[in-house]
There are 2 protein chains.
Amino acid sequence: MPEFDIIAKHFAPHARHPAARGLRDDAAVLPLPPQGHELVITKDMIAADVHFFSTDAPAFIAGWLLAVNLSDLAAMGAVPLGCVLGLGLPKGFTEDWVARFADALGAACEKYACPLLGGDTVSGLEKPVLSLTAFGTLPSGEALGRGGARAGDLLVVSGDIGGAGWRLQHVATAERVVPTPRLALGQSLRGLATACADVSDGLLADAGHVAAASDLSVDIMLADVPIGGGWASTDKDRLKAVTAGDDYELVFALPPEELPRLLTLGQQLACKLTVIGQLRAGGGVHVHMRDGRVITPTRLGYEHG
Amino acid sequence: MPEFDIIAKHFAPHARHPAARGLRDDAAVLPLPPQGHELVITKDMIAADVHFFSTDAPAFIAGWLLAVNLSDLAAMGAVPLGCVLGLGLPKGFTEDWVARFADALGAACEKYACPLLGGDTVSGLEKPVLSLTAFGTLPSGEALGRGGARAGDLLVVSGDIGGAGWRLQHVATAERVVPTPRLALGQSLRGLATACADVSDGLLADAGHVAAASDLSVDIMLADVPIGGGWASTDKDRLKAVTAGDDYELVFALPPEELPRLLTLGQQLACKLTVIGQLRAGGGVHVHMRDGRVITPTRLGYEHG
């Protein structure tokens, strides 16, 4: 099936935003947000048998691909504007696979008001490789980021940690769950959090990136971390949960005097927000175990190759 | 070599634009152009042994990857703003390959004032897959595109056609040449051309896309097409040249009364511009051969899978 036909049949119906120009051109043309705004750009590339299983449902892969990109926008505090897709198909792909992938991506783009504006397809690969670039916007100068935390700031995490890692080890792939990017939370953290990251590599790794980008160290109270999935409440299992990754929660630094505003925000958004540690001078990630020991794990998260 | 180290060592030195934020975050933050402008977004994905040879020099691959994206911006009339890279590396990639690729991409980004703002790397693939998303800008409402040509418009092409196709068939891969995207020409065609495309699939195919998007047919005088490379001047060889693709010249529709302005423009830009045909009512691509026959080739260009 030629590339032009795949695009016209399966993707054009999901790319009806005027900026996509009916996918007639090799580029999208997007009106700019009002003055005083900035453009936020993120790109995540995922590959079969590296980031997902070849046997995963195409609808799961599509939803996950958009979610991981929107999670990066959430960590910056941005509002989604749109996205473009790079679709690398393997030799012998089926039209059914493409149809399911395109329909799920279209539905997810609609759900998060992040219209599909264009992209490119390639076939003849050994295994699927997907690349999505997502755009967002926010008022100038208000972008969050890994740098900016100050000594004394509290470390806060949204939701529960470790659920995705637990499911990956214990549940059939058919039951994998597409994460929900924390867009509303990220947007609300502008002007409140001093630094922010999404938890993709693992809570310890991502908290460590915030600390390093802010030239600080971070203490994490392992017993305070809200754990999802079926992990036991032992230190050993908790360490697995906080290094498993793929949570797509936000971990952020908050000046202690902002705690009342944060509690109000958590209630407004119906979002669990938990203080799990503190930033301070120095470097490194220091994990306080329930038995009183303080350790610096050599492995903080999952390294994707 | 972990992903964070590859990025820090080989890509961060080429991503010094403030919008890249030192590649510290998973997103770039780009100030918007002044009001009254639009954002143009294009994405091309290329794969080893589909679009380039695994044996191609990494510097060639990098230069070509940027050029094909900038050629899409040129066809819209846009001025480059920046780009993000998806780098899919094969199992057993060498750091030397990454270093050569990154240095060449950095140099090309600098040459075309299209700063590298971020991206994502993946390793563990069977073969390299590269995906680049490039951004540009232009005054609102002035984007060119495949649609918009009118019956009676002349069909014009820049440069020579078929040179890349000839080299692909006749020259060692070590001598492959990175194309030069026609950015200045594309920007100058705003308000002058009624429709425009870059010649990537093949001159006949891309002229056909312009005609189809404009609901017109196109007549092409084969003898008038300026041919590059070592093709013979027979109809048979000329047909190979105009269906070979990878020229990255611009093919566009021009109202006949604008011909004097176009000739002046060609002189200003020192760019060869040749009238090769005309758009008219109807549909399809009609090639006028030197022996007087008019044919509609079944194969208009190269289909990448």
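What you see is a predicted model, and the numbers here were worked out from it, not measured in a lab. (Residues numbered from 1 in each chain as written. Chains lettered and ligands numbered in written order. Predicted model: local features only at pLDDT ≥ 70, side-chain atom pairs only at ≥ 80, totals over all residues. Heavy atoms only, no water.)

K.L.:
Where do I start with the pairing of strand 9 (residues 250–254) of chain A in this structure?
P.N.:
The two faces of the sheet receive side chains in turn, since in a regular strand these alternate between them. Residues and elements named next belong to chain A. Most of strand 9 sits out of view: five of its five residues are buried. Of the two faces of strand 9, the one lined by Leu-250, Phe-252 and Leu-254 and the one lined by Val-251 and Ala-253 are each fully buried. Pairing of strand 7 (residues 195–198) with strand 9 involves four bridges; the strand directions are antiparallel. Along strand 9, the bridge assignment pairs Ala-195 with Ala-253. (Buried < 20%, exposed > 50% of the residue type's maximum accessible area, 1.4 Å probe, protein only. Helix = DSSP H or I, 4+ residues; strand = E, 2+ residues; numbered from the N terminus. Pairing = 2+ DSSP bridges.)

K.L.:
Teacher, can you tell me more about the packing of aromatic side chains here?
P.N.:
The geometry of two aromatic rings is summed up by the distance between their centres and the angle between their planes. Under the criterion given, the structure shown has seven aromatic pairs over all chains. On the numbers, 6.3 Å between centres and 85° between planes, the contact of Trp64(A) with Tyr248(A) is edge-to-face. Here Trp64(A), found in helix 2 (residues 58–76), pairs with Tyr248(A), found in the loop between helix 7 (235–242) and strand 9; they are 184 residues apart in sequence, far enough to count as distant. When sorted by exposure, Trp64(A) lands in the same class as Tyr248(A), which is buried. Consider the rings of Phe60(B) and Trp64(B), whose centres lie 6.4 Å apart with planes at 20°: the pair is stacked. (Phe/Tyr/Trp six-rings, centres within 6.5 Å; stacked < 30°, edge-to-face > 60°.)

K.L.:
Would you mind going over the environment of Asp247(B) with me for this structure?
P.N.:
If you trace the backbone, Asp247(B) turns up in the loop between helix 7 (235–241) and strand 9 (250–254). As a C-alpha pair, Asp247(B) and Pro179(B) span 68 residues in sequence and 7.3 Å in three-dimensional space.

K.L.:
Whenever I open this one, the relation of the copies chain A and chain B confuses me. Can you help?
P.N.:
For the pair chain A and chain B, the relating rotation is 180°, the translation along its axis is 0.0 Å, and the fit reaches an RMSD of 0.0 Å. The transformation relating the two chain copies, once decomposed into turn and shift, fits a two-fold axis. (Least-squares fit on C-alpha atoms with pLDDT ≥ 70 in both.)

K.L.:
Explain the sheet that holds strand 9 of chain B here, please?
P.N.:
Two strands in a sheet stick together by hydrogen bonds in their backbones, pointing the same way (parallel) or opposite ways (antiparallel). All names here are of chain B. Pairing is mixed in the open sheet, where seven strands are placed in the order 7-9-6-10-8-11-12. Taken across any chain shown, the strands that pair with only one partner, and hence form the sheet edges, are strand 7 (195–198) and strand 12 (294–295). Both strand 8 (residues 217–221) and strand 10 (residues 273–280) contribute to a ladder of four bridges, which runs antiparallel. For Ile-220, the partnering residue across the bridge sits in strand 10 and is Gly-277. Against the sheet, helix 2 (residues 58–76) makes contact with strand 7 and strand 9, and its axis sits at roughly 170° relative to strand 7, the strand it touches most. (Contact = heavy atoms within 4.5 Å. Axes fitted to C-alpha atoms, helices over the stretch in contact; angles between N-to-C directions.)

K.L.:
I tried to follow the side chain of Arg146(B) on my own but got confused; where do I start?
P.N.:
Positionally, Arg146(B) belongs in the loop between strand 5 (129–139) and strand 6 (154–158). By relative accessible area, Arg146(B) is classed as buried at 5%. Looking at Arg146(B), its side chain comes within polar contact range of the main-chain oxygen of Arg24(A), at 2.7 Å. When near neighbours in sequence (up to four residues on either side) are disregarded, Arg146(B) contacts Phe4(A), Arg24(A), Asp25(A), Asp26(A), Ala195(B), Cys196(B), Ala197(B), Asp206(B), His209(B), Val210(B), Ala213(B) and Ser214(B). (Polar contact = N/O pair within 3.5 Å; in protein donor to acceptor, adjacent residues only side chain to side chain.)

K.L.:
Would you mind going over the interface of chain A and chain B with me for this structure?
P.N.:
Bring the parts together and some accessible area is lost; that lost area is often taken as the interface size. Contacts between chain A and chain B engage 61 residues on the former and 61 residues on the latter. Taken together, the two surfaces of chain A and chain B that pack against each other cover about 5000 Å², and 62% of this comes from carbon and sulfur. Considering only the surface of chain A that becomes buried against chain B, Leu32(A), Lys43(A) and Met45(A) emerge as the three largest contributors, covering 14% of it. Linking chain A with chain B are two salt bridges, by the criterion used here. With a closest N to O distance of 3.0 Å, Arg146(A) and Asp26(B) form a salt bridge. At the boundary of chain A and chain B, one finds 22 residue pairs in polar contact (both at pLDDT 80 or more). (Buried area = accessible area lost by both parts, 1.4 Å probe. Salt bridge = Lys/Arg side-chain N within 4 Å of Asp/Glu carboxyl O.)

K.L.:
Mind showing me how you'd approach the sheet that holds strand 4 (residues 116–125) of chain B here?
P.N.:
Strand order in the open sheet made by the five strands is 1(A)-2(B)-5(B)-3(B)-4(B), with mixed pairing throughout. Two strands lie at the open edges of the sheet, namely strand 1 (28–31) of chain A together with strand 4 of chain B, each paired on one side alone. Put simply, the sheet's adjacent strands are angled 20° from each other on average, direction ignored. One ladder, built from seven bridges, connects strand 3 (residues 79–90) of chain B with strand 4 of chain B; its direction is parallel. In the sheet register, Gly88(B) faces strand 4 of chain B, and the bridge partner there is Val122(B). Across the sheet, helix 1 (residues 3–11) of chain B touches strand 3 and strand 4 of chain B, and the angle it forms with strand 4 of chain B is around 135°. Strands strand 3, strand 4 and strand 5 of chain B of the sheet are contacted by helix 3 (residues 95–111) of chain B, whose axis makes an angle of about 170° with strand 3 of chain B.

K.L.:
In this structure, what is going on with the state of the cysteines? I would like to understand it.
P.N.:
In protein chemistry, a disulfide is the covalent bond that joins the sulfur atoms of two cysteines. All told, the structure shown has zero disulfides over all chains when counted by the stated rule. Between Cys83(A), a free cysteine, and Cys109(A), which holds the nearest cysteine sulfur, the sulfur-to-sulfur gap is 3.8 Å. (Disulfide = S-S within 2.5 Å.)

K.L.:
It is not clear to me how the pairing of strand 11 (residues 284–288) of chain B should be interpreted in this structure. Could you clarify?
P.N.:
Residue and element names in this part refer to chain B. Sheet analysis places strand 8 next to strand 11, joined by five bridges and oriented parallel. Residue pairing in the sheet places Ser-217 in a bridge with Gly-284 of strand 11. Both strand 11 and strand 12 contribute to a ladder of two bridges, which runs antiparallel. Bridging from a neighbouring strand, His-288 pairs with Val-294 of strand 12. Between strand 11 and strand 12, which pair antiparallel one after the other, the connecting turn spans five residues, and Gly-292 there sits at a positive phi close to 95°.

K.L.:
What's the story with the pattern of salt bridges in this structure? I'm lost.
P.N.:
Opposite charge on two side chains permits them to pair, given that their charged atoms come into close proximity. Residues and elements named next belong to chain A. Considering all chains together, one arrives at 30 salt bridges over all chains under this definition. Between Arg-21 and Asp-25 there is a salt bridge, with the nearest N and O atoms lying 2.8 Å from each other. On the accessibility criterion, Asp-25 (9% relative accessible area) is buried. Here Glu-142 makes a salt bridge to Arg-190, at a shortest N to O gap of 3.4 Å. Here Glu-142, found in the loop between strand 5 (129–139) and strand 6 (154–158), pairs with Arg-190, found in the loop between helix 5 (183–188) and strand 7; they are 48 residues apart in sequence, far enough to count as distant. We classify Glu-142 as partly exposed; its relative accessible area is 36%.

K.L.:
What am I meant to see in the packing of helix 2 of chain A against helix 3 (residues 95–111) of chain A here?
P.N.:
Residues and elements named next belong to chain A. Direction vectors running N to C along helix 2 and helix 3 enclose 35°, while the axes themselves pass 8 Å from each other. With respect to the hand of their crossing, helix 2 and helix 3 are arranged in right-handed fashion. Taken together, the residues of helix 3 that come into contact with helix 2 (itself represented by Pro-58, Ala-59, Ile-61, Ala-62, Leu-65 and Leu-66) are Trp-97, Arg-100, Phe-101, Ala-104, Leu-105, Ala-108 and Cys-109. (Left-handed = near helix turned anticlockwise from the far one by under 90°.)

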